[in-house]
Amino acid sequence: MAEASAPPPGAQDPPGPAPGAQDPPAPGEMLVSEGAATIVLPGDSGVFYNPVQGFNRDLTCAVVTEFARLQLERKGIRVVLPGEEQPAGGAPPAAENGVAGATGDTTTGDTTTGDTGVPMAMRTARPGEVCEGGLRVLEALAASGLRSIRLAREVPGLVAVVANDVAPAAAALIARNVARNGAGALVTPSAADARMLMYEAKAARAPFDVIDLDPYGSPAPFLDAAVQAVSDGGLLCVTCTDMGVLAGNSPETCFGKYGAVSLKAKFCHEMALRIVLRSLQAHANVYQRVVAPLLSLSADFYVRVFVRVFGGQAKVKGAASKQALVFHCGGCGSHHLQPMGRATQHGVGFKFGVATGPPVGPTCEFCQHRHQVGGPIWAAPLHDVPFVERVLAALERNPGRFATEGRMRGVLSVVTEELSSVPLYHTLDGLSSTIRSNTPSLLQLRSALLHAGHRVSLSHACRNAVKTDAPPAVLWDIMRCWAKTQAVKRERLPDASPAARILAVEPTLQASFALHPDANPWSRRRGLTRFPENPEAFWGPKAKAKPGGGICPSLQEKRKRLQNKRTRTDTGTDARMDTGTTDGARTAPCKRPREAAGGERESEAGAGMGGGGAGEPPGAAPPPGAD
């Protein structure tokens, strides 16, 4: 056998399993391994776990690691991962990376100058070790404690991790899993209401440097406490899985939870991100604080945002200029943004005032349909690109650190390519379906926009999305030129349809669909995994854990149980079997009988469905089986 190669200088083996970690689970239990953690999940514990969120947890570990580098370097603490030969991120964070809130520290060799400018010796922080002066982390809704254990074992520079859950069964399971992984020196289990825990930390002036909120559904009830309990410049990580609300299915519910109206539009996934960021900003502004996004992602069935929270009354004055209403045409899908405020630079400062508008008329200028109004949303950049590049560089230095590394590199690469100054996006199928034509390829549309002198990029939130600074008039001119190359049967289009009204205008721009040298983005040329297929069926939200223990029926079981519920009688037989029909025609016992032309009820319908037959008084109770 060949001799194993020696580890590089400065490398350290990851923390090993705790004594007894290899004990077999009891009957009815199962072991789940992810990253550097292995946890036990009892079958009837009522503790939620979803393997789909592995990408979410991997990304959290990567982001918190780079955040620790930024925060601890000024304290003279060097963050080192296994396999790193030299200190990473040694360049001055503010000068080279431009990350919001970074200080002007400088590092030379084994010394650094912090806020005071006095040279100090560098200390080393490694995963699994308690770091004096390190970050305090709170996982407010920990469930099994998997995320907290992974942070403790994989992220260097931590002094304490509080894994909290309101359910006593979950808190007991967290304590068991912490002991199994040998993370007791860093992770402290807690059984408390997450809001009260954060409010108490604020009152005790013991804020957390990192707060992670990953609830089942909406995090809205916890946002007010979170923006207060995080330290100045601290990191807030928030997950939202109520995408039906955020994507426009229930705009009134979205307004109640997040203070914004969602729209059912092609750009709904990015709008969901911007609604969450605006809600965080609104909560923070109440306490003279603001948020600065580091990374905002729409993935699978949820959105995930990483923001830093800063205090300062002067910063709050610019909050209105970072928010906007969305005017979305219900016909052609064009959208316009109306800023809520205006910021004008005067010398080294800014002057803030009221915005003017609206940006649209009573009807859409292209198809004459009415506009829908949504928002307000976050209209500033979604990401801090230099910080995202730091995370990507760390993935390059530590290959194989995460199971979802390929997807992380692909998604983060697309993020670095996005146009940060362009909110929302268009989709290829949305543009082509509006004018009833075949869909141009991604390269063709990107080439036409580039030839016209506009910037264009992809979006991580949608596979066939196009972000561009071109106004809607240019986009529709390009699509008119595209329609001329296609067999669009304009004579069959209704006169009042968006397609007929858009194509009735001759384009003022002669678009060129010839391949542009910059049409194919770098992430696409490299073949990075940007939009992976689901690895198995029903890869999405899982059943919610019951507060009293046990797991709610899965979505598949629920669908099976409720299938044909309107056609079954109380005896379990099919309602249409009782009607005497021979052709198998389906009846609807839950519907009221139709009125005849003369105002009288149809006798057959009334007799067949009960209630309203001949000789029956109005308002009589329906027979068994009727809804």
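About the cut-offs
Throughout this description, residue numbers start from 1 for each chain and increase along the sequence as written. Only residues with pLDDT of 70 or above have their local features reported here, since the model is predicted, and side-chain atom pairs are shown and tallied only from 80 upward, although totals for entire chains, interfaces and linings are computed over all residues. Side-chain measures were taken over the full set of non-hydrogen atoms in the model, leaving aside hydrogen atoms and water. Secondary structure counts use DSSP, requiring at least four H or I residues in a row for a helix and at least two E residues in a row for a strand, with both numbered from the N terminus. Using a 1.4 Å probe on the protein chains alone, a residue whose accessible area is under 20% of its type maximum counts as buried, one over 50% counts as exposed, and one in between counts as partly exposed. In this description, contact between two residues means that some pair of their heavy atoms is separated by no more than 4.5 Å. Computed by Shrake-Rupley with a 1.4 Å probe, the accessible areas treat only the displayed protein chains as cover when residues are assessed. Two strands make a pair as long as DSSP finds a minimum of two bridges between them. Throughout, an axis means a line fitted to C-alpha atoms (over the contacting stretch in the case of helices), and angles, computed between N-to-C directions, take values from 0 to 180 degrees. By convention the crossing between two helices is left-handed if the near helix lies anticlockwise of the far one by an angle smaller than a right angle, and right-handed if it lies clockwise. Gly is put with the polar residues, along with every residue not named as nonpolar or charged; the nonpolar set is Ala, Val, Leu, Ile, Met, Phe, Trp, Tyr, Cys and Pro, and the charged set is Asp, Glu, Lys and Arg. The term nonpolar core refers to a set of buried residues drawn from Ala, Val, Leu, Ile, Met, Phe, Trp, Tyr and Cys, joined through side-chain atoms within 4.5 Å. We call two N or O atoms a polar contact when they sit within 3.5 Å, provided that within protein one can donate a hydrogen and the other can accept it, with sequence-adjacent residues counted only if both atoms are side-chain atoms.

### Digging into the overall build of the protein
Each helix and strand counted, the protein has 19 helices and 22 strands in total. Every one of the 627 residues in the protein was classed for burial, and the buried ones make up 49%. Taking as baseline every contact in the protein between residues at least 6 positions apart, the subset at least 24 positions apart corresponds to 68%. Of the roughly 29,200 Å² of accessible surface on the protein, 54% is carried by carbon and sulfur atoms.

### Considerations on the pairing of strand S18 (residues 349–354)
With zero of six residues buried, S18 lies mostly on the surface of the structure. Judged from the six bridges that link them, strand S17 (residues 341–346) and S18 form a sheet pairing that is antiparallel. From the neighbouring strand, Thr-344 faces S18, where its bridge partner is Lys-351. Turn length for the S17-S18 hairpin, with the two strands adjacent in sequence and antiparallel, is two residues, and the turn residue Gly-347 shows positive phi of about 65°.

### Details of the sheet that holds strand S14 (residues 302–311)
In space, the seven strands of this open sheet follow the order S10-S9-S8-S11-S12-S14-S13, with mixed pairing throughout. Each end of this open sheet is capped by a strand with a single partner; those strands are strand S10 (187–190) and strand S13 (289–299). For this sheet, the mean angle separating the axes of adjacent strands, direction not counted, is 15°. As paired strands, strand S11 (residues 208–213) and strand S12 (residues 230–240) are joined by five bridges and run parallel to one another. In the strand pairing of S12, Ile-211 is matched with Leu-236. Packed onto the sheet, helix H3 (residues 146–154) meets strand S8 (135–139), strand S9 (158–164), S10, S11 and S14 and runs at close to 170° relative to S9.

### Here we look at H3
Within H3, nine of the nine residues are buried, which leaves it mostly tucked inside the rest of the structure. Buried within H3 we find Leu-146, Arg-147, Ser-148, Ile-149, Arg-150, Leu-151, Ala-152, Arg-153 and Glu-154.

### Concerning the packing of helix H1 (residues 54–73) against H3
For any two helices packed against each other, one specifies the crossing angle of their axes together with the interaxial distance. Where H1 meets H3, the axes come as close as 10 Å, and the angle between the chain directions of the two elements is 35°. For the pair H1 and H3, the crossing hand works out as right-handed. Note on element contacts: H3 touches H1 through Leu-146, Arg-147, Arg-150, Leu-151 and Glu-154, opposite Gly-54, Asn-56, Arg-57, Asp-58, Thr-60, Cys-61 and Val-64. Classifying every residue of the contact of H1 with H3 by side-chain character gives four nonpolar, three polar and five charged.

### Concerning the sheet that holds strand S20 (residues 426–427)
Strand order across the open sheet formed by three strands is S20-S22-S21, with antiparallel pairing between neighbours. On the outer flanks of this sheet lie S20 and strand S21 (456–459), each paired with one strand and no other. As judged from the two bridges shared by S20 and strand S22 (residues 462–468), these two strands associate in the antiparallel manner. Bridge pairing links Thr-427 to Ala-465 in S22.

### Observations concerning the nonpolar core
Ranked by internal contacts, the top residues of the largest apolar core, which has 57 residues, are Leu-59, Leu-158, Val-187, Val-210, Leu-235, Leu-295 and Leu-412. If we skip the residues at most four places from it in the chain, Leu-412 touches Leu-59, Leu-295, Val-388, Val-391, Leu-392 and Leu-395. Residues Val-162, Leu-223, Ala-272 and Trp-378 belong to the second largest nonpolar core, which totals 52 residues.

### Considering the environment of His-460
Looking at where His-460 falls in the secondary structure, it is placed in the loop between S21 and S22. Sequence separation between His-460 and Leu-412 is 48 residues, and the spatial gap between their C-alpha atoms is 8.3 Å. Residues contacting His-460, with those up to four places away along its chain left out, are Leu-273, Ser-296, Leu-297, Ser-298, His-383, Val-411, Val-414, Val-415, Glu-418 and Phe-531. Here the side chain of His-460 touches Ser-298 through a polar contact of 3.0 Å, landing on its backbone nitrogen. At a separation of 2.7 Å, a polar atom in the side chain of His-460 contacts the side chain of Glu-418.

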